[in-house]
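# Fold and contact review
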Amino acid sequence: MTSDRTAIIAGNWKMHYGPKKAKSFAAEIVPQLGQLLTHYPQLLCVLCPPTISLPAVYDVLAENPLARLELGAQNMHYEVQGAFTGEVSPTMVHELCRNVILGHSERRMYFGETDELVNKKVKAALNHGLRPIVCIGENEEQYEAAHTERVIRSQVMGSLASIPEQQVRDVVIAYEPIWAIGTGKAASADDAEKVMRLIRELYSATYNAAAGDAVRILYGGSVTAKNIGELIAQPDIDGALVGGASIKADFVELLHQAGEAQS
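Described below are features of the structure shown in this document.

Conventions adopted
Residues numbered from 1 in each chain as written. Predicted model: local features only at pLDDT ≥ 70, side-chain atom pairs only at ≥ 80, totals over all residues. Heavy atoms only, no water. Helix = DSSP H or I, 4+ residues; strand = E, 2+ residues; numbered from the N terminus. Contact = heavy atoms within 4.5 Å. Polar contact = N/O pair within 3.5 Å; in protein donor to acceptor, adjacent residues only side chain to side chain. Axes fitted to C-alpha atoms, helices over the stretch in contact; angles between N-to-C directions. Parallel < 35°, antiparallel > 145°, perpendicular 65-115°, else oblique. Left-handed = near helix turned anticlockwise from the far one by under 90°. Nonpolar A, V, L, I, M, F, W, Y, C, P; charged D, E, K, R; others polar. Expected span 1.5 Å × (residues − 1). Buried < 20%, exposed > 50% of the residue type's maximum accessible area, 1.4 Å probe, protein only. Pairing = 2+ DSSP bridges. Core = buried A, V, L, I, M, F, W, Y, C linked by side-chain atoms within 4.5 Å. Disulfide = S-S within 2.5 Å. Salt bridge = Lys/Arg side-chain N within 4 Å of Asp/Glu carboxyl O.

With respect to the secondary-structure elements, Asn 208 resides in the loop between helix 9 (189–206) and helix 10 (209–214). Separated by 121 residues in sequence, Asn 208 and Glu 87 have C-alpha atoms that sit 36 Å apart. With residues near it in sequence (within four places) discarded, Asn 208 still touches Glu 165, Arg 169 and Tyr 203. At 2.9 Å, the side chain of Asn 208 forms a polar contact with the side chain of Glu 165.

Structure (structure tokens):
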């Protein structure tokens, strides 16, 4: 990555850790993350617990305030309020968080989220002061059929449709090949880099070269402390969206390796 783009290491806890466990785990790792971030000013760390656990982790972060250790939600609705049982609004998320993950493949796969729906959520997040981390990625069948470029192009253009340039720079893209998520089969650094370059080219073609250069693009899919260094060393990879490794104490070592790779 370039020195002009602060790297982001985001931990997606998925459906793990209720409030009590989330608070104890956060209390364990946050002081260590804080020490690392002091040594690696080029890194931003985002913790994304389940919605019900956000207040508990928020309290831990409030006791250990750091400018580059932030909270993120895993999802949200695009409406501000209304009869949407079980949902949370962007204004609710904004009370606790700076970031929100949108369009994760599990949301697309299990809950039928489309690019059109993700686009509505991205616009709502931007309009309410949130930094959306927008997930895209091809499945194994598409990958084997060499349709990765077509899928990525469609998802980027669909998820970011009609978003003005002044707002699109606040969007973070997370490329997560579905065949790599939770499988232990990460994309090679070279293959991930090719997709990142494509995303920058799409940004540049849609907006301008400055927007393409500014967008931060994360890799996700079986990211570990062992492969984060090689990934983040690529010129177009600006960090990682981490799943399984983010709910273990090893997440601290992962952040350490990311910082070392950039030093």
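Okay, the packing of helix 7 (residues 148–159) against helix 9 next. In contact at an axis separation of 10 Å, helix 7 and helix 9 are set at 45° when each is read in the N-to-C sense. The angle between the axes of helix 7 and helix 9 places the two elements in the oblique class. By crossing handedness, the relation of helix 7 to helix 9 is classed as right-handed. Across the interface between the two elements, Thr 148, Glu 149, Ile 152, Arg 153, Val 156 and Met 157 of helix 7 pack against Val 195, Leu 198, Ile 199, Leu 202 and Thr 206 of helix 9. Of the residues that constitute the contact of helix 7 with helix 9, the class distribution is seven nonpolar, two polar and two charged.

Three or four residues apart is the spacing at which side chains of an α-helix point the same way, because the helix has 3.6 residues per turn. Between its first and last C-alpha, helix 9 extends 26 Å over 18 residues, near the 26 Å set by a 1.5 Å rise per residue. All of the buried residues in helix 9 are Ala 189, Ala 192, Glu 193, Val 195, Met 196, Leu 198, Ile 199, Arg 200, Leu 202 and Tyr 203.

So, on to unusual backbone geometry. Even without glycine at this site, Tyr 17 takes up a positive phi of about 75°. Looking at the secondary structure, you find Tyr 17 in the loop between strand 1 (7–12) and helix 1 (19–39).

Mapped onto the elements of the fold, Lys 121 is located in helix 5 (residues 115–127). Separated by 121 residues in the primary sequence, Lys 121 and Val 242 place their C-alpha atoms 22 Å from one another. Excluding residues within four positions of it along the chain, Lys 121 makes contact with Asn 75, Met 76, Tyr 78, Leu 102 and Glu 113.

This part covers the sheet that holds strand 2 (residues 43–48). Strand order around the closed barrel formed by eight strands is 1-2-3-4-5-6-7-8, with parallel pairing between neighbours. For this sheet, the mean angle separating the axes of adjacent strands, direction not counted, is 25°. By the bridge criterion, three bridges tie strand 2 to strand 3 (residues 69–73) in an arrangement that is parallel. Within strand 3, the position partnered with Val 46 by the bridge is Glu 70. Lying over the sheet, helix 1 contacts strand 2 and strand 3, oriented at roughly 160° with respect to strand 2. Where helix 5 meets the sheet, it contacts strand 4 (99–102) and strand 5 (131–136), and its direction lies at approximately 160° from that of strand 5.

Counting residues in hydrophobic clusters, the biggest one holds 73 residues, and the most contacted among them are Ile 9, Leu 47, Ile 173, Ile 199 and Tyr 219. Apart from residues lying up to four places away in sequence, Ile 173 is in contact with Val 134, Ile 136, Leu 160, Ile 199, Tyr 203, Val 215, Arg 216, Ile 217 and Leu 218. With twelve residues, the next largest nonpolar core counts Ile 101, Ile 133, Leu 218 and Leu 241 among its residues.

Turning next to helix 5. Taking 1.5 Å per residue, 13 residues should reach 18 Å; helix 5 reaches 18 Å between its end C-alpha atoms and fits that length. Next to the buried residues of helix 5 lie helix 3 (90–96), strand 4, helix 4 (105–111), strand 5, helix 7 and helix 8 (165–168). Following helix 5 by one or two positions, Gly 129 has its phi on the positive side, about 75°.

The next point concerns the state of the cysteines. Within this structure, the stated rule accounts for zero disulfides. Left without a disulfide partner, Cys 45 is nearest to the cysteine sulfur of Cys 48, which lies 9.0 Å away. Counting only cysteine sulfurs, Cys 97 is the nearest neighbor of Cys 48, a cysteine outside any disulfide, at a range of 7.6 Å. On the basis of relative accessible area, Cys 48 is assigned to the buried category, the value being 1%.

We now examine the pattern of salt bridges. In the structure shown here, the tally under the stated rule is 13 salt bridges. Salt-bridge contacts for Glu 106 lead to Lys 14; the nearest nitrogen and oxygen are separated by 2.8 Å. Of this pair, Glu 106 sits in helix 4 while Lys 14 sits in the loop between strand 1 and helix 1, and the two are 92 residues apart along the sequence. Look at Glu 106 and you get partly exposed, because its relative accessible area is 26%. The partly exposed category is assigned to Lys 14, whose relative accessible area is 22%. Overlapping salt bridges, with partners in common, bring together Arg 5, Glu 193, Arg 197, Arg 200, Asp 213, Asp 236 and Asp 238 in one network.

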